[in-house]
Structures are given as C-alpha cells and as structure tokens.
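So the chains spell out like this:
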Amino acid sequence: MDQYAVFGNPVGHSKSPLIHSTFAKQTGESLAYQAVAVEPEQFSDRVEHFFQQGKGLNITVPFKQNAWQLAKFLTPRAKVAGAVNTLYLDAQGQLCGDNTDGIGMVSDLINNHQICLKDSRILILGAGGAVRGVLLPVLEQQPAVLTIVNRTAAKAVELAVLAEPYAADTRVKGGSYDELQGETFDLIINGTSASLQGELPPLPDQLLASGGCCYDMMYGPSETPFLLWGRSQGATHLIDGLGMLVEQAAESFSIWRGVKPNTQEVIEQVRAAL
Ligand code: NDP
C-alpha cells in the first residue's frame, strides 16, 4: 500500500490521518497515512528515509521552514510562502515542495462560502507563517486592496513588500492596528494566533463594510473571540479555519493521487468530531 504521513512535533492532535483516510475511502484510493512525531535534529534524515519507500508527506509545525530548505524544487506559491506543507518526488526522484495552505483558504472562501475576492477590500490580521502562506493565492484573486496589519508592525510592512511584486492592480499596504481608523473592508481574515489565547486584536468599530465577512484561520468547537467580534459588527458570514484545513489537505491529496476529493462531507465529519 502507498505510504503517506504528516511529520510534526507535537503531532498527536493532527486531524490529517482522519481527513486523508476519509478521502482515500471516498475516492477508492488505496493508501496508508499516519502522524509521525519527529525530533528536530532528525528531520532531514527522517524525510530522506521516508522517501525511500513513501509517496508523500505533509509537514506541520515546527518543520514547514525546514521542509522549504530541504526541497530541491519549490512551486511559486511555496517560494513566496517561505514554508512547505506538502512534499513529493517528481518523475526524476527530485524532492518537490508545495504549500497548499493558501489555496486551501481561498478554495474554502470561494467554493464553500461563495465569497468573491475579486475587486474586494481585504484586511489580514497577523504577519506570521500562516499569513505569509496565503499571500500569493489571495493576490491571484485580484482584490482591489490587501492591507496587512500586525502587533509587530514591521513584520506586516515586510510582508507587504514581499507581496508587492505579485500584486498587479491590487493596492498592498502593511502597518499597525493604529492605522486602521476610518478604513473599511469587505473581508477581514484573522491570521493571528490571538484566538488561541482567547484574545482579540485591537480592532476599531466600523471596520467591517456592510455585508462584510469575517474569517478566522483558527477553528474550534465554539466561536473564536474574533468571530464573536465579527458577529457584533454585523458580519454576514462568520467562517472558521476548519474548511481551510480540509481544503489544504484535499489539495495535497490531489497533488499526490491526481484525484480531487469531495471536501464537504469531510468538513462536516471533522466538525462533528471537534
Ligand atoms: P505564528 O506564530 O507564525 O504567528 C502568530 C501571529 O499572531 C503573529 O503575527 C503575532 O504577532 C500574532 N499574535 C499572536 N498573539 C497575538 C495577540 N494576542 N494579539 C495580536 N496578535 C497576536 O503563527 P502561524 O502564522 O503559524 O498561525 C497563526 C494562526 O493560524 C494560528 O491560530 C493557527 O492555528 C492558524 N492556522 C490555521 C491553519 C488552518 O489550516 N486552518 C493553517 C495554519 C495556521 P507578532 O508578530 O507581533 O508576534
């Protein structure tokens, strides 16, 4: 049976084995997928050893940058992301790295929630790895505005500079939360880890345009502080990151197996198990 795995540390909480085995059943693909905790100093050896027989790896915290360095070939979106969550071998046996997190989020917004990003005004909160990973797929949708703000404003400015060459007609800006006064956005994406600590970034009222949408990359059994804020601001769509998780997995599955699974039933199944 073809072998797949997710490498991370810790990785016991990972939903990837459940998601990929459900995809495999659904599509009739014969494969095994397991979660493997890897020690940091062994990461590159373990990857090399895995690919002596294995077909594909997902990479999660804290190894996404290590995988980026290890890959001999990077897709354009992985190059910009500075991180890799999907590894596979090409026909020449070369280790290839992709990043499916951003396309996962964009697919969730567009296909699962019918949110149109083209010509919209988008605000992203945070400037860590997850935000960097979504920049290129978001810009490919040609929004009118992409503003990135972060607690450490210099990091948001850095990401805006990185994104600028891919922006086409999108106005890209990076800065601090203080600079948001008087601005409005159609879509606000929370890419901070503030929700993990039960916190909310400092957002002014009137930030969300009428009919606007709030998206939190984090997910959990109950509404995050950011989504509660969105509710208080009259958001028409409140979406958490569970769909992003399943969609990024579907993209990896499709890279490995050449078959795109149906994500809707898997999203429902994973949500029921939260
Ligand atoms: P990082 O640690 O790389 O970045 C964390 C970011 O959050 C930084 O910008 C940091 O600001 C900011 N931050 C942390 N605490 C606060 C706070 N209290 N108030 C304001 N800003 C804060 O994390 P990642 O980028 O890897 O992950 C971010 C989130 O995205 C996590 O919640 C993670 O679970 C989620 N995620 C979801 C995925 C999915 O598939 N659904 C995939 C990947 C990530 P500063 O720079 O100032 O420290």
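Quick note: structure is the one above.
Rules used in this analysis
- Residues numbered from 1 in each chain as written.
- Predicted model: local features only at pLDDT ≥ 70, side-chain atom pairs only at ≥ 80, totals over all residues.
- Heavy atoms only, no water.
- Helix = DSSP H or I, 4+ residues; strand = E, 2+ residues; numbered from the N terminus.
- Rg over C-alpha atoms; globule rule 2.2 N^0.38 Å.
- Buried < 20%, exposed > 50% of the residue type's maximum accessible area, 1.4 Å probe, protein only.
- Contact = heavy atoms within 4.5 Å.
- Areas by Shrake-Rupley, 256 points an atom, 1.4 Å probe, with all protein chains shown as cover.
- Pairing = 2+ DSSP bridges.
- Axes fitted to C-alpha atoms, helices over the stretch in contact; angles between N-to-C directions.

Chemist: I would appreciate a short explanation of the overall build of the chain in the present structure.
Modeler: Looking only at helices and strands, one finds 10 helices and 12 strands in the chain. Against the 2.2 N^0.38 benchmark of 19 Å for 274 residues, the chain shows a C-alpha radius of gyration of 18 Å, consistent with a compact globule. Evaluated residue by residue, the chain yields a buried proportion of 52% over its 274 residues. For the chain, the share of sequence-separated contacts (at least 6 apart) that also reach a separation of at least 24 residues comes to 68%. A total of about 12,500 Å² of accessible surface is found on the chain, and carbon and sulfur atoms cover 49% of it.

Chemist: Even after reading the chapter, I still don't get the sheet that holds strand β5 (residues 86-89), so can you show me in this structure?
Modeler: Hydrogen bonds along the backbone pair up the strands of a sheet, which may run parallel or antiparallel. Taken in spatial order, the six strands make up an open sheet running β2-β1-β3-β5-β6-β4, and their pairing is mixed. A single partner strand is all that each edge strand has here, and the edge strands are β2 (31-37) and β4 (73-74). Across seven bridges, strand β1 (residues 2-8) lies against β2 in parallel orientation. Each residue of the ladder has a partner; that of valine 6, found in β2, is alanine 35. Those strands touched by helix α2 (residues 43-50) are β1, β2, β3 (56-59), β5 and β6 (95-98), and its axis lies near 170 degrees from that of β1. Where helix α9 (residues 242-257) meets the sheet, it contacts β1, β2, β3, β5 and β6, and its direction lies at approximately 0 degrees from that of β5.

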